[in-house]
Each structure stands twice: as structure tokens, then as C-alpha cells.
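# Residue-level structural notes
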Amino acid sequence: MSVTSVGYRLSPQQMRAWQLLLANNRNGYFVEGALLIEGQIEPAEIEASLDRIVQRHEILRTVFTVLPGASIPIQVVTNWRFCFDQTLDLSGLGKAEQESKINKLKQAVRRHPPGVEHGALMRATLIIISREKKLLYLLLPAVCADRAGLVNLAHELGRDQSAERGREPNGTELVQYADLAGALNSFLESDEMQDGRE
């Protein structure tokens, strides 16, 4: 009995990130960021916003599967739902102790980065600094996101929260990354690009 996976080719950028990941025994090559969230926003609201973002952007719920006999993976979009790895309430601590705990948390998360072949690709911890301040710490594989992607995710989180409060519409149509990767690969393999390959 054979199993068929429906997947998409990697983009050239993903291919390079994958090669770097393999060269480093699948460790490293992750993008991380911390987002300060100010205002009286409940952790459940932030988690729900992030889940809506993950559902809109297939790349945030894509795993990379190497099929039997292949050396290069394909992208497979999953039905994964977002949830925080943990919520850490540091509101009762002083600033120095908060900073120490946050640094220890970052080190621990870096030691156990997300896998790219199964499960949750995005590691996310919500750190409660005070009722008005929360720190969202994110870690994603470079094969799925880069620094610009994290900035876009932060902007989209703000837009989603505004839309939930009725202050901003939220309904633009998105181009999915796997579709973009396919178009880019087709272009690079086209006759028009033949001169550049020779």
C-alpha cells in the first residue's frame, strides 16, 4: 500500500534554507522575534487572532515532507490550529527578575525549536508583563518565514485586533506562498530564462 501526499515544490529561497538546515543537522536557521502588545487585551483574544492569521496563511501551517526515494521535501499544508506553547505570568515580579526569566525562556525555546516535518511550526509564548503589557515571543523555521514575515505577522495581528473591535475591515484576498513558489519555479524554468542558465 502506498501513501500519496499532495504537496508543492519548494521555492528557490526555501530550497536554500532547507539546504542550510540539513547542513546543520536540522538545527538552527530559525527566525525569532518578540512583539510588545500594549492595552487591555486578554491572552485568549491574542491567541484567537493568531489562529485566524495561521488559518489565512497556509505557510504558517505547512510541514515539509521528504517522500520515499527523494532528497528534497515537498510542502504539505496541514489543518493545524494555533495555540500558545505556554502563557507565562510575570506580572508579580520586578523588572530585573522579569528580564532574567524572559532570557531563560528564550534560551529554552531555542534549545527545542519547532520541527519542520510535523506538528506546530511556530513556537509562541505569551509573557504577561502587566495587565497593560504582554510580550509575544515567536520562533519559526527560516524555511517558512524571515524577518519581513515576522514584521508582516505583527502588522496583521494589529489589523486583526482592530477588525475584531470593528475599527478596520479585515478581508483582503491573499496569495498563498505555495502558489507563489510554483509561479516562481515555472518562471525560472521557462524558455525566457534559458539564456540566463547557459
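Analysis parameters
Residues numbered from 1 in each chain as written. Predicted model: local features only at pLDDT ≥ 70, side-chain atom pairs only at ≥ 80, totals over all residues. Heavy atoms only, no water. Helix = DSSP H or I, 4+ residues; strand = E, 2+ residues; numbered from the N terminus. Buried < 20%, exposed > 50% of the residue type's maximum accessible area, 1.4 Å probe, protein only. Contact = heavy atoms within 4.5 Å. pLDDT = per-residue confidence, 0-100. Pairing = 2+ DSSP bridges. Axes fitted to C-alpha atoms, helices over the stretch in contact; angles between N-to-C directions. Phe/Tyr/Trp six-rings, centres within 6.5 Å; stacked < 30°, edge-to-face > 60°. Expected span 1.5 Å × (residues − 1). Arc of directions from axis to C-beta. Core = buried A, V, L, I, M, F, W, Y, C linked by side-chain atoms within 4.5 Å. Polar contact = N/O pair within 3.5 Å; in protein donor to acceptor, adjacent residues only side chain to side chain.

Here the focus is the overall build of the protein chain. Summing up its helical and strand segments, the protein chain has 6 helices and 6 strands in all. Going residue by residue from the N terminus, the α and β elements of the protein chain occur as α-β-α-β-β-β-α-β-β-α-α-α. Split into buried and exposed, the 198 residues of the protein chain put 35% on the buried side. Looking at the protein chain alone, contacts between residues at least 24 apart form 71% of all its contacts between residues at least 6 apart.

Now for the confidence of the model for the protein chain. Low pLDDT means the predicted coordinates in that region are not meant to be read closely. Here the protein chain shows a mean pLDDT of 83. Residues at 70 or above account for 77%. By mean pLDDT, the top-scoring element of the protein chain is strand 4 (residues 86–89) (95), and the lowest-scoring one is helix 6 (residues 194–197) (60).

This part takes up the pairing of strand 6 (residues 133–141). One face of the sheet, then the other: side chains in a regular strand alternate in exactly this way. Counting buried residues in strand 6 gives 8 out of 9 residues, a clear majority hidden from the surface. Inspection of the sheet shows strand 1 (residues 30–38) paired to strand 6 by 9 bridges, in the antiparallel sense. Looking at the pairing, A34 lines up with Y137 of strand 6. Pairing of strand 5 (residues 123–128) with strand 6, which is carried by 6 bridges, proceeds in the antiparallel orientation. Bridge pairing links I127 to L135 in strand 6.

Okay, the environment of I128 next. Relative to the elements of secondary structure, I128 occurs in strand 5. Relative accessible area serves as the criterion here: at 15%, I128 is assigned to the buried category. Distance in space between the C-alpha atoms of I128 and T87 is 7.5 Å, their sequence separation being 41 residues. With sequence-adjacent residues up to four places away left out, I128 is seen in contact with P43, T87, L88, D89, L90, S91, K133 and K134.

Pairing in this open sheet of 4 strands is mixed, and the strands run 1-6-5-4 from one edge to the other. Taken across any chain shown, the strands that pair with only one partner, and hence form the sheet edges, are strand 1 and strand 4. Taken pair by pair, the neighbouring strands of this sheet meet at an average axis angle of 15°, ignoring direction.

Right, let's talk about the packing of aromatic side chains for a bit. For any two aromatic rings, the description comes down to two numbers: the centre-to-centre distance and the angle of the planes. Under the defined criterion, the tally for this structure stands at 3 aromatic pairs. Taken together, a centroid distance of 5.5 Å and an interplanar angle of 80° make the contact between F82 and F84 edge-to-face. A relative accessible area of 6% places F82 in the buried class. In textbook terms, an aromatic cluster arises when at least three aromatic residues are bridged by ring pairs, as seen for W80, F82 and F84.

Here we come to helix 3 (residues 95–111). For helix 3, which comprises 17 residues, the first-to-last C-alpha distance of 25 Å matches the rise-based estimate of 24 Å (1.5 Å per residue) to within 8%. Q98, I102, L105, K106 and V109 are the residues of helix 3 that are buried. Buried residues in helix 3, looked at end-on, bunch into an arc of 100°, giving them a common side. In helix 3, those exposed residues whose orientation departs by more than 90 degrees from the buried face are A96, K104 and R111.

Moving on, we come to the nonpolar core. Formed by 31 residues in total, the largest nonpolar core has its most connected members in L50, M122 and L136. If you list the elements that add at least two residues to this core, you get helix 1 (12–23), strand 1, helix 2 (43–56), strand 5, strand 6 and helix 4 (147–164). If one sorts the elements of this core by residue count, helix 2 sits on top with 4 residues. Membership of the second largest hydrophobic core comes to 9 residues, among which are L90, I127, I129 and L135.

Turning our eyes to something else, we now look at helix 4. In this model helix 4 runs 26 Å from its N-terminal to its C-terminal C-alpha over 18 residues, within 8% of the 26 Å that 1.5 Å per residue would give. Those residues of helix 4 that fall on the buried side of the exposure criterion are L150, L153, E156, L157, D160, Q161 and S162. Each element contacted by the buried residues of helix 4 is listed here: strand 1, helix 2 and strand 6. Two or three places before A148, at the start of helix 4, stands the capping residue D146, its side-chain oxygen 3.3 Å from that residue's backbone nitrogen.

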